[in-house]
Amino acid sequence: MSTEVVPDVHQQRLAHSKVVYLTEANLLVDTGPESAWDGLTEFVAERGDVDRLFVSHNHGDHVGNVERVIETYDPEVLVPENEPLDDVDFGGATVTEVGDGDEVAPGVTVVEVPGHTQGICGLHLPEKALLLCTDILDGSDRRGLPAGFLLPPPTMYTWDSGQAETNLETLLSLSFDTAVVTHGSNVDEEPRGKLEAYLDFPNHYRKDLLAELS
């Protein structure tokens, strides 16, 4: 069953991944793994059609059904300009490269945060105070921790773990009350503040130690 994260933004689990659909733009974000095609078509049928497809990055659980989505719905295809996608079959679709700050639909802006892959992008919806993290961030419960926090993706699945963490600073320039992730649970209680605390841990750690010693 799909979840309406905020009005007009729906999320569906497909096997070990998730996809997002924005009803106001008929925009599908990623396509799930190839094995989950039936679940994807059922999810889309509940929403409407696919006029636009945004591909966040080139991992199998996100691009597994790109070719079939194009064949079935004939959407406009939008991809990150710095993400290697040579091995993804886009058929005869017109593919538009987008970069950081570009709009893929009214009120939906690309956010590039390299690290998990070379050019991975999320989407920011400022009017809805929403950040679609794709795989830029995971929910903490993916790693067996309590839910409600955000972590970089595991090193074993990541192109450059150093960049994957350092480049998260980019997200602190954005305003968002809900962080939607592909893996783990979404975070809707102070996600930006928790991310800032995570990235600024040396200062927080020092303050806590000084408070204990005083």
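The notes below deal with the structure included here. Note that the structure is a prediction, hence the values are computed from the model and not measured.

This next bit is on the side chain of Lys18. Note that Lys18 resides in strand β3 (residues 17-22). Here Lys18 occupies a buried position and makes no salt bridge, while the nearest side chain of opposite charge, Asp141, is found at 7.2 Å. A polar atom in the side chain of Lys18 sits 2.6 Å from the backbone oxygen of Gly184. In this structure Lys18 touches Gln11, Gln12, Arg13, Val181, Thr182 and Gly184, once residues within four positions along its chain are discounted.

Turning next to the sheet that holds strand β7 (residues 95-98). Read across the sheet, seven strands follow the order β1-β2-β3-β4-β5-β6-β7 without closing on themselves; strand pairing throughout is mixed. The sheet is open, and its two edges are formed by β1 (3-6) and β7, each paired on a single side. Across this sheet, the average inter-strand angle for adjacent strands is 25°, counted without regard to direction. With three bridges joining them, strand β5 (residues 52-54) and strand β6 (residues 76-80) adopt parallel strand pairing.

Describing an aromatic ring pair means giving the distance of the ring centres and the angle of the ring planes. The full count for this structure, using the stated rule, is one aromatic pair. Judged by centre distance (6.4 Å) and plane angle (85°), the rings of Tyr21 and Phe43 are edge-to-face. With Tyr21 in strand β3 and Phe43 in helix α1 (residues 37-47), this residue pair connects regions lying 22 residues apart in the sequence. Grouping residues by exposure puts Tyr21 and Phe43 together as buried. Lys194 extends its terminal NZ or CZ atom over the ring of Phe149, reaching a point 4.6 Å from the ring centre.

The next subject is the pattern of salt bridges. Summed over the entire model, instances satisfying the criterion amount to six salt bridges. Lys128 is paired through a salt bridge with Asp8; the nearest N and O atoms lie 4.0 Å apart. You can see Lys128 sitting in the loop between β10 (121-125) and β11 (130-134) and its partner Asp8 sitting in the loop between β1 and β2 (9-14), a full 120 residues away along the chain. A relative accessible area of 26% places Lys128 in the partly exposed class. Among the ionic pairs, Glu196 bridges to Arg192, the shortest N-O distance being 3.4 Å. Taken together, the residues Glu196 and Arg192, both in helix α5 (residues 191-199) and four residues apart, mark about one turn of the helix. For Glu196, a relative accessible area of 37% gives the class partly exposed.

Reading the values: the criteria
- Residues numbered from 1 in each chain as written.
- Predicted model: local features only at pLDDT ≥ 70, side-chain atom pairs only at ≥ 80, totals over all residues.
- Heavy atoms only, no water.
- Helix = DSSP H or I, 4+ residues; strand = E, 2+ residues; numbered from the N terminus.
- Buried < 20%, exposed > 50% of the residue type's maximum accessible area, 1.4 Å probe, protein only.
- Lys, Arg positive; Asp, Glu negative; His and termini not counted.
- Salt bridge = Lys/Arg side-chain N within 4 Å of Asp/Glu carboxyl O.
- Polar contact = N/O pair within 3.5 Å; in protein donor to acceptor, adjacent residues only side chain to side chain.
- Contact = heavy atoms within 4.5 Å.
- Pairing = 2+ DSSP bridges.
- Axes fitted to C-alpha atoms, helices over the stretch in contact; angles between N-to-C directions.
- Phe/Tyr/Trp six-rings, centres within 6.5 Å; stacked < 30°, edge-to-face > 60°.
- Lys NZ or Arg CZ within 6 Å of the ring centre and 35° of its normal.

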